[in-house]
Amino acid sequence: MPRLRSLALVLLVGVGLTGCAGTVSMEPAENANATLCADVSVRLPDTVAGLQRRWTDAQSTGAWGDPAAVLLTCGVAPPGPTTLRCQTVAGVDWIIDESRAPKYLFTTYGRTPAVEVFVDYDAVSGGEALQALSPILQQLPKNAECVAPEDATPAP
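For clarity, every value in this text was computed on a predicted model and none was experimentally measured.

The next subject is the side chain of Thr73. With respect to the helices and strands, Thr73 occurs in strand 4 (residues 70-76). Take Thr73: its relative accessible area is 13%, and that puts it in the buried class. Once residues lying within four places of it in the same chain are set aside, the contact partners of Thr73 are Met26, Glu27, Ala29, Ser60, Thr61, Ala114, Val115 and Glu116.

The structure is reproduced here in structure tokens:
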């Protein structure tokens, strides 16, 4: 009988571990342990652009969608001056890297710690994702603003 209980326990643990298969594997940023990133993490929404939030295995990260179409990482190095397009969404400036389209990388500009949001445009628009996340990121200290050319085009 003890052998049967041990087998049952192993099966239950195995079933419990397979429930973790939905966890999104991510790498924490260098400054993921910043107190302000913890403040961001606890305020992340349950949904972004209609996509449900998923568990991640890295500090100060967030993921939405199945498969994950929006990935957030807090604590990345703040970007310096750039020629990349910059767009303000809900009071937060974002640098837009379109080099891997249809997957776009948005990085907060002028906020410390900086936050990156990776968006798969095959599943969701960056504008919708940033509209959901920018209000949470407004709490991060602002030390600079984007200076964009007058003919800058809005985020896709």
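Following the structure, the description resumes.
So, about the sheet that holds strand 6 (residues 92-100). The sheet built from eight strands is open, its strands ordered 1-2-3-4-8-7-6-5 with antiparallel pairing. Only two strands of the sheet have a single neighbouring strand rather than two, namely strand 1 (47-48) and strand 5 (85-89). Note: strand 4 against strand 8 (residues 114-120), six bridges, orientation antiparallel. Each bridged residue has a counterpart across the sheet, and for Cys74 the counterpart in strand 8 is Val115.

With that settled, the discussion passes to the confidence of the model for the chain. Residues of the chain with pLDDT of at least 70 account for 81%, and the chain-wide mean is 85. Scored below 50 in pLDDT, residues 149-153 makes two contacts in the model with residues more than four places away or belonging to other chains.

To continue, consider the pairing of strand 5. Burial within strand 5 is extensive, with four of its five residues counted as buried. As defined by bridge partners, strand 5 adjoins strand 6 across five bridges and the pair is classed as antiparallel. Bridged to Gln87 within strand 6 is Trp94. With antiparallel pairing between neighbouring strands as the criterion, strand 5 and strand 6 make up a hairpin whose turn holds two residues, including Ala90 at a positive phi of roughly 50°.

A ring pair, where both rings are aromatic, is described by two values, the distance of the centres and the angle of the planes. For the structure on display, the rule yields two aromatic pairs. With centroids separated by 6.4 Å and ring planes inclined at 25°, the aromatic side chains of Tyr104 and Phe106 adopt a geometry described as stacked. The class for Phe106 is buried, based on a relative accessible area of 0%. Between Tyr104 and Tyr121 the ring centres are 4.1 Å apart and the planes differ by 50°, which places this aromatic pair in the tilted class. Note that Tyr104 is positioned in strand 7 (residues 103-108) and Tyr121 in the loop between strand 8 and helix 3 (126-137), a separation of 17 residues in sequence. Its relative accessible area of 11% is what places Tyr104 among the buried residues. Connected via pairs of aromatic rings, a cluster forms that spans Tyr104, Phe106 and Tyr121.

According to the stated counting rule, one finds four salt bridges in the structure shown. The residue Lys103 makes a salt bridge to Asp120 at a minimum N-O spacing of 3.7 Å. In this pair, Lys103 sits in strand 7 while Asp120 sits in strand 8, placing the two residues 17 residues apart along the sequence. According to the relative accessible area criterion, Lys103 is partly exposed, its value standing at 32%.

Conventions we followed
Residues numbered from 1 in each chain as written. Predicted model: local features only at pLDDT ≥ 70, side-chain atom pairs only at ≥ 80, totals over all residues. Heavy atoms only, no water. Helix = DSSP H or I, 4+ residues; strand = E, 2+ residues; numbered from the N terminus. Buried < 20%, exposed > 50% of the residue type's maximum accessible area, 1.4 Å probe, protein only. Contact = heavy atoms within 4.5 Å. Pairing = 2+ DSSP bridges. pLDDT = per-residue confidence, 0-100. Phe/Tyr/Trp six-rings, centres within 6.5 Å; stacked < 30°, edge-to-face > 60°. Salt bridge = Lys/Arg side-chain N within 4 Å of Asp/Glu carboxyl O.

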